[in-house]
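For reference, the chains in residue letters:
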Amino acid sequence: MSDVARLAGVSQQTVSRVVRGATNVDPDIRQRVEHAIAQLRYRRNPAAAALASNRTMTIGVVSFELSVLGPTVALYGISEEARQHGYATRLVTLASLEPRDFRAALESINSDTVDGLIVLAPLLDAITVLEGLDIGVPVVTFQQGSQPSPTSVSVDEVRGARMVVRHLLDLGHETVWHVQGPPGWMATSSRVQGWAAELGAAGRFVPTPLPTSDWSAAEGYRVGRELAARKDVTAVFAANDAFALGVIKAMDDAGRNVPDDVSVVGFDDVKEAPFFRPALTTVRIEFEAIGQIAVSRILAMIENGSTGDVPQLKPKLVIRDTTAPPRTTSKPHHVSD
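Asker: How should I be thinking about the pattern of salt bridges in this particular structure?
Answerer: Oppositely charged side chains may form a pair once their charged atoms are brought near each other. By the definition in use, this model includes 16 salt bridges. Linking Lys314 and Asp156 is a salt bridge whose minimum nitrogen-to-oxygen distance equals 3.8 Å. Note that Lys314 is positioned in the loop between helix 12 (287–304) and strand 10 (316–318) and Asp156 in the loop between strand 5 (152–153) and helix 8 (157–170), a separation of 158 residues in sequence. As a salt-bridge pair, Arg230 and Asp232 come within 2.9 Å of each other at their nearest N and O atoms. In this structure Arg230 comes out as partly exposed when scored by relative accessible area, which is 39%. One salt-bridge network, in which partners are shared between bridges, spans Arg162, Arg166, Asp170 and Glu198.

Here you go:
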């Protein structure tokens, strides 16, 4: 580090701040330091850095249901961003959301072994349990659809759901049916909220959302068979892309064409979505960016106790081939008194 400092013409403390990713470094000085690092092929020694800074150089991550897309992709973003700042990650997965299991997970990642904690469990019960615990280190949570706060990263999923409904109504559909996510997930409640709000604002009939028990395509197919049997269904908003895949299969099995007979929209924009048949209209969420932002906030909190709300990420509607105007225009349904 002293060699890098000498070559760049700065202090060792400045080199340390650049290596740690601190934001309070002049861009020109940062560039000089990074150039010197590249020239000297400098690599930080995590063990020495931990001793010098009295830090573990490790970020703890608690996750639940790694089979679910959002937390899995966010986890990749966390590990890559942490690595670039010289930090390791320590992952603990939750077997359940029972308070005792949550406490056991947090005890296994205690304040002596990590400098901060990221919780990738966007469920209402997880947040409730977390609020009642004294962690001892900075904590950042992933809360889908929640309002901005200094210690959580969120996506404006209500807005995303409203964009789906507006797109379908603009195509001429009289209402939109909803395949909702399983209970307890923040994504479920925020997507239902946005869907119902947009239909209500347009004065349209709000159907009863169809419940599911998990986020699988099989559940989408099960519910899709119910929807396929109803001839008044012309537009479906599925709470994730796996549901949408199941709904499309159910419609096809029932002899109903997507999008000519029924328009279907998903949510998340999985990397396979452009290759569905037909290509899936959906809402894109940058889950990897969520992980990166969570690490940036944790490091800022470790460094100087950074405050100020983390801005919500904005979703994007990606229009592909599963939506089209309805074949016929039926009599509008309006919200009853």
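Let's pick the thread back up.
Asker: In this structure, what is going on with the packing of helix 10 (residues 217–228) against helix 11 (residues 241–253)? I would like to understand it.
Answerer: Axes are the key here: two packed helices are described by the angle between their axes and the distance separating the axes. It is at 7 Å that the axes of helix 10 and helix 11 come closest, and there the two elements cross at 40°. One finds that helix 10 runs oblique with respect to helix 11. The interaxial crossing formed by helix 10 with helix 11 has right-handed handedness. In this structure, helix 10 uses Ala217, Glu219, Gly220, Tyr221, Gly224, Arg225, Leu227 and Ala228 to contact helix 11, whose residues at the interface are Ala242, Phe243, Gly246, Val247, Lys249, Ala250, Met251 and Asp253. A per-class count over the contact of helix 10 with helix 11 returns 9 nonpolar, 3 polar and 4 charged.

Asker: Hey, could you run me through the environment of Val233 in this one?
Answerer: With respect to the helices, strands and loops of the structure, Val233 is situated in the loop between helix 10 and strand 7 (235–238). When its relative accessible area of 0% is taken as the criterion, Val233 is described as buried. Placed 47 residues apart in sequence, Val233 and Met186 show a C-alpha to C-alpha distance of 27 Å. Not counting residues up to four positions away in its chain, the partners in contact with Val233 are Trp177, Leu227, Arg256, Asp261 and Val262.

Asker: Help me out: how do you make sense of the sheet that holds strand 7 in this one?
Answerer: Hydrogen bonds along the backbone pair up the strands of a sheet, which may run parallel or antiparallel. Pairing is parallel across the open sheet formed by 3 strands, whose spatial order is 6-7-8. Edge positions in the open sheet fall to strand 6 (177–179) and strand 8 (263–265), since each of these has one partner strand only. Each adjacent strand pair in this sheet contributes to an overall mean axis angle of 20°, direction not counted. When strand 7 meets strand 8, the two strands line up parallel, connected through 3 bridges. Residue pairing for strand 8: Ala235 is matched across the bridge by Ser263. Where helix 8 meets the sheet, its contacts fall on strand 7 and strand 8, and the angle it forms with strand 7 comes to roughly 165°. Along the sheet face, helix 9 (residues 186–201) touches strand 6 and strand 7 and points at about 180° away from the line of strand 6.

Asker: Which parts of the structure should I look at to understand helix 11?
Answerer: An α-helical turn contains 3.6 residues, so any two residues separated by three or four positions project in the same direction. Between its first and last C-alpha, helix 11 extends 18 Å over 13 residues, near the 18 Å set by a 1.5 Å rise per residue. Turning to helix 11, its buried residues are Asp241, Phe243, Ala244, Gly246, Val247, Ile248, Ala250 and Met251. Those residues of helix 11 hidden inside the fold are in contact with strand 6, helix 10, strand 7, strand 8 and strand 9 (282–284).

Asker: What should I look at first to understand the side chain of Asp156 in this one?
Answerer: Overall, Asp156 belongs to the buried group, its relative accessible area being 16%. Sequence-distant contacts of Asp156, defined by excluding residues within four places in its chain, comprise Gln312, Leu313, Lys314 and Pro315.

Asker: Would you take a moment to explain the sheet that holds strand 5 for this structure?
Answerer: One open sheet accounts for 5 strands, arranged 2-1-3-4-5; its pairing is parallel. Each edge of the open sheet carries a strand with a single partner, namely strand 2 (88–94) and strand 5. Here 2 bridges tie strand 4 (residues 139–142) to strand 5, and the two strands are oriented parallel to one another. Looking across to strand 5, one finds that Phe142 is bridged to Val153. Sitting on the sheet, helix 12 is in contact with strand 1 (58–64), strand 3 (116–120), strand 4 and strand 5, with an inclination near 165° to strand 4.

Asker: Teacher, can you tell me more about the pairing of strand 4 here?
Answerer: When a strand is regular, its side chains alternate between the sheet's two faces. Every second residue of strand 4 is oriented toward a common face, with Val139 and Thr141 on one face and Val140 and Phe142 on the other, all of them buried. The pairing of strand 3 with strand 4 spans 3 bridges and is parallel. Paired with Val119 across the strands is Thr141, a residue of strand 4. The parallel pair strand 3 and strand 4 is bridged by helix 7 (residues 124–131), and the resulting crossover is right-handed.

Asker: Looking at this structure, how should I read unusual backbone geometry?
Answerer: In the segment running from Val258 into Pro259, the intervening peptide bond is cis, with an omega of 15°. Position of Pro259 among the secondary structure elements: in the loop between helix 11 and strand 8. In this chain, Arg277 is followed by Pro278 through a cis amide linkage whose omega measures 0°. As for its placement among the helices and strands, Pro278 is situated in the loop between strand 8 and strand 9. Notably, Arg41 is not glycine yet its phi reads approximately 55°, a positive angle. Along the chain, the position of Arg41 falls in the loop between helix 3 (27–40) and helix 4 (46–53).

The rules we used
Residues numbered from 1 in each chain as written. Predicted model: local features only at pLDDT ≥ 70, side-chain atom pairs only at ≥ 80, totals over all residues. Heavy atoms only, no water. Salt bridge = Lys/Arg side-chain N within 4 Å of Asp/Glu carboxyl O. Helix = DSSP H or I, 4+ residues; strand = E, 2+ residues; numbered from the N terminus. Buried < 20%, exposed > 50% of the residue type's maximum accessible area, 1.4 Å probe, protein only. Axes fitted to C-alpha atoms, helices over the stretch in contact; angles between N-to-C directions. Parallel < 35°, antiparallel > 145°, perpendicular 65-115°, else oblique. Left-handed = near helix turned anticlockwise from the far one by under 90°. Contact = heavy atoms within 4.5 Å. Nonpolar A, V, L, I, M, F, W, Y, C, P; charged D, E, K, R; others polar. Pairing = 2+ DSSP bridges. Expected span 1.5 Å × (residues − 1). Right-handed = clockwise from strand over helix to strand, strands pointing away.

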